[in-house]
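Structural description and commentary
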Amino acid sequence: MNVTDAVNARRSIRAFRPDPVADETIAQLLATASRAPSGGNVQPWRIYVINGPSMERFRSFIATRPIEAPAYDIYPAGLTEPYRSSRFKVGEDMYATIGISREDKPGRLAQFAKNLDFFGAPAALFCFVERQMGPPQWSDLGMFLQTFMLLAQEAGLDTCPQEAWAVYEQAVSEFVEAPPEQRIFCGVAIGHADLDHPINSLVSQREPLDVFARFL
Ligand SMILES: Cc1cc2nc3c(=O)[nH]c(=O)nc-3n(C[C@H](O)[C@H](O)[C@H](O)COP(=O)(O)O)c2cc1C
């Protein structure tokens, strides 16, 4: 698989098969992903892996914890166009794959709650960054994440990045024993896609080039 194939094949997977993933595989992917660039080579990513027994313990643990105030603004308040419509559309398209209508609030909440189960994935990352770090280092973490997800794709694994964990920062920090100077960015579910599940039929759309790039 070349890089273009990996970029085109990666999608956010929201239903996984239970097939296990070896710690060694995840360790190898993380080590290679750390070749991602970062301003000043600061390498601000701090990663916690849960897999197998620790995933089982985490699932029991998180079921006892209440939702928290978001650790950060997941979207800007009053998100403007065209970003607002793009966000709205992917949500509508996703719920349409599983037959959940706009009015079906309980259905939508139940789908959101699947984030807490990592959509059935056997393994996951929690991605943290120190509180001293600003937008440039958060961007570095994003590059690390995409590098990891593309390498996972090459290794035959599927992923879903999850900002949903921003509403469980305290609980996750307690479980992974993150030091107080670290804050959560997101989780990443890792495993093998259940390709029979209709939610995985979603192929999100992209803006045409002239919306986001201008040649001068
Ligand atoms: C940092 C980040 C956090 C995300 N958080 C969530 C999440 O909590 N739950 C979810 O279902 N999808 C989440 N997504 C997936 C996005 O909805 C998805 O990337 C977008 O719709 C584009 O679709 P694609 O990843 O399939 O190309 C997240 C994506 C990113 C990059």
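Described below are features of the structure shown in this document. (Residues numbered from 1 in each chain as written. Predicted model: local features only at pLDDT ≥ 70, side-chain atom pairs only at ≥ 80, totals over all residues. Heavy atoms only, no water.)

Digging into the pattern of salt bridges
Pairs can form between side chains of opposite charge whenever their charged atoms are close. Here is the rule we go by: Salt bridges are counted wherever a side-chain nitrogen of Lys or Arg sits within 4 Å of a carboxyl oxygen of Asp or Glu. Starting at the N terminus, helices and strands are each numbered in turn, a helix being any DSSP run of H or I of at least four residues and a strand any DSSP run of E of at least two. Classification of residues uses two cut-offs on accessible area relative to the type maximum, computed with a 1.4 Å probe and protein chains only: under 20% is buried, over 50% is exposed, and between them is partly exposed.
Counted by the stated rule, this structure contains nine salt bridges. Between Arg102 and Glu92 there is a salt bridge, with the nearest N and O atoms lying 3.2 Å from each other. With a gap of ten residues between them, Arg102 in the loop between helix H4 (83–97) and helix H5 (105–113) and Glu92 in helix H4 connect regions that are remote in the sequence. Among the salt bridges present, the one from Glu169 reaches Arg131, with a minimum N-O distance of 4.0 Å. With Glu169 in helix H7 (residues 169–176) and Arg131 in the loop between strand S3 (123–130) and helix H6 (135–154), the pair connects residues that are 38 residues apart, well separated along the chain. Of the residues examined, Glu169 reaches a relative accessible area of 13% and is grouped as buried. By relative accessible area, Arg131 is classed as partly exposed at 45%.

Section: the site of the ligand
Filter applied, for reference: Nearness here has a simple test: a residue counts as near a molecule or strand if at least one of its heavy atoms is within 4 Å of that partner. Any pair of nitrogen or oxygen atoms within 3.5 Å is treated as a polar contact; in protein, a donor-acceptor pairing is required on top of that, and neighbouring residues in sequence qualify only through side-chain atoms on both sides. Gly counts as polar in this scheme, as do all residues outside two lists: the nonpolar Ala, Val, Leu, Ile, Met, Phe, Trp, Tyr, Cys and Pro, and the charged Asp, Glu, Lys and Arg.
Every one of the 15 residues lining the ligand counts as a neighbour, but Ser12, Arg14, Glu163, Ser204 and Arg206 are closest to it. Measuring from an oxygen atom of the ligand, one finds a side-chain N or O atom of Ser12 at 2.6 Å. Backbone polar atom of Ala164 to an oxygen atom of the ligand: 2.9 Å apart, as the coordinates give it. The element that contributes the greatest number of residues to the shell around the ligand is strand S4 (residues 158–162), accounting for three residues. Within the shell around the ligand, the residues separate by chemical class into six nonpolar, four polar and five charged.

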